[in-house]
Amino acid sequence: MAVVVVLKANDVQWCFSQVKGAIDDDVAEADIISTVEFNHSGELLATGDKGGRVVIFQQEPECKSQPQCRGEYNVYSTFQSHEPEFDYLKSLEIEEKINKIRWLPQQNAAQFLLSTNDKTIKLWKISERDKRPEGYNLKEEDGRYRDFNTVTTLRVPVFRPMDLMVEASPRRVFANAHTYHINSISVNSDCETYLSADDLRINLWNLEITDRSFNIVDIKPANMEELTEVITAAEFHPNQCNTFVYSSSKGTIRLCDMRASALCDKHSKLFEEPEDPNNRSFFSEIISSISDVKFSHSGRYMMTRDYLSVKIWDLNMESRPVETYQVHEYLRSKLCSLYENDCIFDKFECCWNGNDSVVMTGSYNNFFRMFDRGYRQDVTLEASRENSKPRSVLKPRKVSTGGKRKKDEISVDSLDFNKKILHTAWHPMDNIIAVATTNNLYIFQEKLN
Amino acid sequence: MFPKGTKRKFSDSGEEPVSSGDQSPPAASSAVARTLSSSYSLQRQSLLDMSLIKLQLCHMLVEPNLCRSVLIANTVRQIQEEMTQDGTWQIMTQALAAAQCPADRLVATEVLCRQTDAAAQAGQSPKPFSVVGLEEGYHSEEVVMEGDVETEVTMSTLSPVSPQLSSASYLAGPFGMGPCWEEEEEDGECEEDEEEDSEECVSEGEEGDRDHLSEDSRTGEQVFGTFEIKHPAPPPDPALEELFSDVDPSYYDLDTVLTGMQAAPKMGPYDLLESLSSHGPTTLSSSSSCRSDLNELDHIMEIIVGS
């Protein structure tokens, strides 16, 4: 007779694995992490920062001696993706901050990623070089040309091994297509096209063609004074190359089918949850603004993040989400203060785990939250240097909302609102997560026995 | 890290202005104020003030965050709509219309530049609470204006007086003939970049200013209508105009940029506009006439540029 043991979700224990970045509390502005993204295999982890740099970490192969520990991530490549620019026509500085990085599925030995700042998207090729040709007839080893009169014999140049060099080179620059600030890029499942979205428009690009893009969504009103809604995020469906969604500052998500018409101003589906009249306040609209939208890997669901909650939508049901998870409901009574100090405008991202069973998002005080959809459990964890002993298990945290604060709980008023986790990423296959605090990248792994 | 639910302190009567010696608000205004829960209306007013200051700062930023601006503007609109519905808005605007502001008062917008008489706040709805807390971290900007304005007009947000005025001034904004968002200062002396965007202080002179004052009450009605976002046709909403004054189409449109019409929101082409414009104060009355001026400007620029 077989005994089946079903592990409950909260049996997953998370351990500290690594932390990247400066230790000191004085944060250099350029070091602020602005995006985090695993590639499709999970072997590579890319971060972008406010200084326009991209740092790619590579997972070491699992070592036989320590099977309980998955490979560590070490720096693989670092390059300056974007430089600050000055728009002379408008007297505006264009920030070099990397807003988003998206990996292309790997098709050959090289890796490709798209990185974007507010105005320009670049396609980078990251390739390895571990051999170099030696023994040229006409060139010396240092590259100088030999006087061919001195060549008496001929030899065939050969490849000899060299120290691994990782080169990043910009292969395409997609510029001058966005008047407003780019907030999203998304590679299509056809691997030939991708979309870029700014506050008012979404453009469709072919990865090969840089001097032309197609505008597929335009919500700019004829009279800018009538502007009340902006695009906040956009993403292609993971399987259907004709489908994409975009979210708005009013809390709506529109699903569009590119087969319907060239300009997808008319949505195919509109996802919107009716407002709860009990919770209505002057801040209702601001907190309903969606900061991130992500399809599930299956393509059946999508997740949206607004200021206080994470919502899971079934693409077949537009009227309301199928699941709603409160990230930090205790902040609802503090909205006025959060509006005053601008925290209410923070844009948190969210992500799915590999099999779409758990979702994760960040919060304040360097807390981040995971919601298990199947077992209806959630946990709050903290990314901090104090919990940074190797393989130490993260202890769940709790914010006390009532008057009585239990031991180990932290009260709402003690939360540090400068320590916010906006960017998180989950390995596509394993339980490895990357969590970005202001200037540090934490990597946590599931505790394996 | 954030102020713990700032408590607003106010005197028992609730409606009395902070500074003694000011005239008491019109009777009608107190009556309306009393019908609302005073703490709610104070909070709402405080939120309005805060939002307007944020918008002002938004405009000062080199790179305005459109999403944030839109969200704050929507919040302001919501508050204004609610205040319109319960009549508070009407009272306040009428009070402001009748209000006068001394020339030496610190002002926050060009509208108050034109109100050259006694203190505006005397006629305002009571705002006994202070928004001093918001001033921390805000720096003062000083702009010296030349031209017809005889006195120095300074913009400062550090004075305890100005935040109240700034709210009033924005309230007055819609009614004070929302200034043309394309017009710039006449002189080239305004060094402050930030000041450019929203404080298109006009230098038509005080004669023009006085012409406007009498029309303020009328424009009050006009503005209410424009708060309906669905209003199909102009008149444009001067409040929103002001809010998005630096987000005008030409500011961002690649099309307009490419046709060479676009110019930085500083001197240059707009100097031309000043010298060309014989409309004087009337150009302030609506942005549509400003647009025709701008088209005229385009035409002239094209000739000059030789395109």
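Residues numbered from 1 in each chain as written. Chains lettered and ligands numbered in written order. Predicted model: local features only at pLDDT ≥ 70, side-chain atom pairs only at ≥ 80, totals over all residues. Heavy atoms only, no water.

- By the naming in an unreviewed UniProt entry, chain B goes by SERTA domain-containing protein and is assigned to Dicentrarchus labrax.

- As named in an unreviewed UniProt entry, chain A is Serine/threonine-protein phosphatase 2A 55 kDa regulatory subunit B, taken from Dicentrarchus labrax.
- Heading Sequence similarities (unreviewed entry) of the UniProt record for chain A holds this comment: "Belongs to the phosphatase 2A regulatory subunit B family." (UniProt positions renumbered as here; feature names shortened; annotations may be inferred.)

Digging into the overall build of chain A
Now for step 1: For chain A, the count of helices and strands is two helices and 32 strands.
Now for step 2: Counting across all 449 residues of chain A, residues that qualify as buried make up 53%.
Now for step 3: In chain A, once contacts between residues fewer than 6 apart in sequence are set aside, the share between residues at least 24 apart is 54%.
Now for step 4: Summed over all atoms, the accessible surface of chain A reaches about 21300 Å², with 49% contributed by carbon and sulfur. (Helix = DSSP H or I, 4+ residues; strand = E, 2+ residues; numbered from the N terminus. Buried < 20%, exposed > 50% of the residue type's maximum accessible area, 1.4 Å probe, protein only. Contact = heavy atoms within 4.5 Å. Areas by Shrake-Rupley, 256 points an atom, 1.4 Å probe, with all protein chains shown as cover.)

What to know about the overall build of chain B
Now for step 1: Secondary structure assignment for chain B yields 14 helices and zero strands.
Now for step 2: Counting helices and strands in the order they occur from the N terminus, chain B gives α-α-α-α-α-α-α-α-α-α-α-α-α-α.
Now for step 3: By residue count, 57% of the 307 residues in chain B fall in the buried class.
Now for step 4: Restricting to contacts in chain B with at least 6 residues of sequence separation, those with at least 24 account for 73%.
Now for step 5: Summed over its atoms, the accessible surface of chain B is roughly 12800 Å², and 54% of this surface lies on carbon and sulfur atoms.

Re the sheet that holds strand E26 (residues 367–372) of chain A
All names here are of chain A.
Now for step 1: The strand order across the open sheet built from four strands is E24-E25-E26-E27, with neighbouring strands paired in antiparallel fashion. Of all the strands in the sheet, just strand E24 (350–352) and strand E27 (377–382) have a single pairing partner and so form its edges. For this sheet the average axis-to-axis angle between neighbouring strands, irrespective of direction, equals 20 degrees.
Now for step 2: Here E24 runs beside strand E25 (residues 358–362); their pairing, made up of three bridges, is antiparallel. When the bridges of E25 are listed, Cys350 appears paired with Thr361. (Pairing = 2+ DSSP bridges. Axes fitted to C-alpha atoms, helices over the stretch in contact; angles between N-to-C directions.)

Focus on the pattern of salt bridges
Residue and element names in this part refer to chain A.
Now for step 1: For the structure on display, the rule yields 32 salt bridges over all chains.
Now for step 2: In this structure, Glu229 and Arg254 form a salt bridge, with 3.6 Å as the shortest nitrogen-oxygen distance. With Glu229 in the loop between strand E15 (214–218) and strand E16 (231–236) and Arg254 in strand E18 (residues 253–257), this residue pair connects regions lying 25 residues apart in the sequence. Arg254 shares its class with Glu229; the two are buried.
Now for step 3: A salt bridge links Lys294 to Asp292; the shortest N-O distance between them is 2.9 Å. By the burial criterion, Lys294 is buried, and Asp292 matches it.
Now for step 4: One salt-bridge network, in which partners are shared between bridges, spans Asp31, Asp49 and Arg53. (Salt bridge = Lys/Arg side-chain N within 4 Å of Asp/Glu carboxyl O.)

Examining helix H3 (residues 66–85) of chain B
All names here are of chain B.
Now for step 1: End to end, H3 covers 28 Å across 20 residues, agreeing with the expected 28 Å (1.5 Å per residue, within 8%).
Now for step 2: Counting buried positions along H3 yields 16 of 20 residues, so the element is predominantly enclosed.
Now for step 3: The N-capping residue of H3, defined by a side-chain oxygen 3.2 Å from the backbone nitrogen of Cys67, is Asn65. (Expected span 1.5 Å × (residues − 1). Polar contact = N/O pair within 3.5 Å; in protein donor to acceptor, adjacent residues only side chain to side chain.)

Regarding the nonpolar core
Now for step 1: In this structure, Tyr307(A), Leu331(A), Leu338(A), Tyr339(A), Ile344(A) and Leu415(A) are the most contacted members of the largest nonpolar core, which totals 44 residues.
Now for step 2: Listing elements by their share of this core, those giving two or more residues are helix H1 (284–288) and helix H2 (335–340) of chain A together with helix H2 (38–60), H3 and helix H4 (88–98) of chain B.
Now for step 3: Element by element, the count of residues in this core is highest for H3(B), at eight residues.
Now for step 4: Setting aside anything within four residues of it in sequence, one finds Tyr339(A) in contact with Phe283(A), Ile286(A), Ile344(A), Phe345(A), Leu47(B), Met50(B), Ser51(B), Lys54(B), Ile72(B) and Thr75(B).
Now for step 5: Ranked by size, the runner-up nonpolar core spans 16 residues in total, among them Phe368(A), Leu381(A), Trp426(A) and Ile433(A). (Core = buried A, V, L, I, M, F, W, Y, C linked by side-chain atoms within 4.5 Å.)

Quick notes on the pairing of E27(A)
All names here are of chain A.
Now for step 1: Bridging between E26 and E27 involves six bridges; their strand directions are antiparallel. Paired with Arg369 across the strands is Thr380, a residue of E27.
Now for step 2: Hairpin connection between E26 and E27: a loop of four residues separates the two successive antiparallel strands, and Arg376 in this loop has a positive phi of roughly 55 degrees.

Let's talk about the sheet that holds strand E3 (residues 44–49) of chain A
Residue and element names in this part refer to chain A.
Now for step 1: One open sheet accounts for four strands, arranged E2-E3-E4-E5; its pairing is antiparallel. Edge strands, defined here as strands with exactly one partner in the open sheet, are strand E2 (33–38) and strand E5 (73–80). Taken pair by pair, the neighbouring strands of this sheet meet at an average axis angle of 20 degrees, ignoring direction.
Now for step 2: Bridge count for E2 against E3 is five bridges, and the pairing is antiparallel. If you follow Thr35 over to E3, its bridge partner there is Gly48.

Quick notes on the environment of Arg129(A)
Residues and elements named next belong to chain A.
Now for step 1: Along the chain, Arg129 turns up in strand E10 (residues 121–134).
Now for step 2: Overall, Arg129 belongs to the partly exposed group, its relative accessible area being 37%.
Now for step 3: Along the sequence, Arg129 and Asp163 sit 34 residues apart, while their C-alpha atoms lie 8.1 Å from each other.
Now for step 4: Once residues lying within four places of it in the same chain are set aside, the contact partners of Arg129 are Met162, Asp163, Leu164, Met165 and Glu167.
Now for step 5: Reaching out from Arg129, the side chain makes a polar contact with the side chain of Glu167 at a distance of 3.1 Å.

Some words on a nonpolar patch on the surface
All names here are of chain A.
Now for step 1: A cluster of nonpolar residues, Leu138, Tyr145 and Phe148, forms a patch on the protein surface that exposes about 420 Å² of accessible area.
Now for step 2: One can find Leu138 in the loop between E10 and strand E11 (158–174).
Now for step 3: Residue classification places Leu138 among the partly exposed residues on the basis of a relative accessible area of 48%. (Patch = residues over 30% accessible without salt bridge, like charges linked within 9 Å, V, L, I, M, F, W, Y side chains within 5 Å.)

So, H2(B)
Now for step 1: Here H2(B) contains 23 residues, and its C-alpha end-to-end distance of 33 Å stays within 8% of the 33 Å for a straight helix at 1.5 Å per residue.
Now for step 2: Buried residues dominate H2(B), accounting for 18 of its 23 residues.

Side note on the packing of H2(B) against H3(B)
All names here are of chain B.
Now for step 1: Where H2 contacts H3, the axes come no closer than 9 Å and their chain directions differ by 145 degrees. For H2 against H3, the interelement crossing comes out left-handed. From H2, Tyr40, Arg44, Gln45, Leu47, Leu48, Ser51, Leu52, Lys54, Leu55 and Cys58 reach across to H3, where they touch Arg68, Ser69, Ile72, Ala73, Thr75, Val76, Ile79, Gln80, Glu82 and Met83. (Left-handed = near helix turned anticlockwise from the far one by under 90°.)

What about the packing of aromatic side chains?
All names here are of chain A.
Now for step 1: The final tally for this structure, using the stated rule, is 21 aromatic pairs over all chains.
Now for step 2: Look at Phe283 and Tyr339: their rings are 5.4 Å apart centre to centre, the planes differ by 55 degrees, and that puts the pair in the tilted class. Remark: Tyr339 occurs in helix H2 and Phe283 occurs in the loop between strand E19 (269–271) and H1; sequence separation between them is 56 residues.
Now for step 3: The exposure class assigned to Phe283 is buried, which follows from its relative accessible area of 8%.
Now for step 4: Relative to Phe417, the ring of Tyr364 has its centre 4.7 Å away and its plane inclined at 45 degrees; by these criteria the two rings are tilted. Of this pair, Tyr364 sits in the loop between E25 and E26 while Phe417 sits in the loop between strand E29 (409–411) and strand E30 (423–426), and the two are 53 residues apart along the sequence. (Phe/Tyr/Trp six-rings, centres within 6.5 Å; stacked < 30°, edge-to-face > 60°.)

Re the environment of Asp314(A)
Now for step 1: Here Asp314(A) shows up in strand E22 (residues 309–314).
Now for step 2: Through-space distance from the C-alpha of Asp314(A) to that of Ser296(A) is 10.0 Å; in sequence the pair is 18 residues apart.

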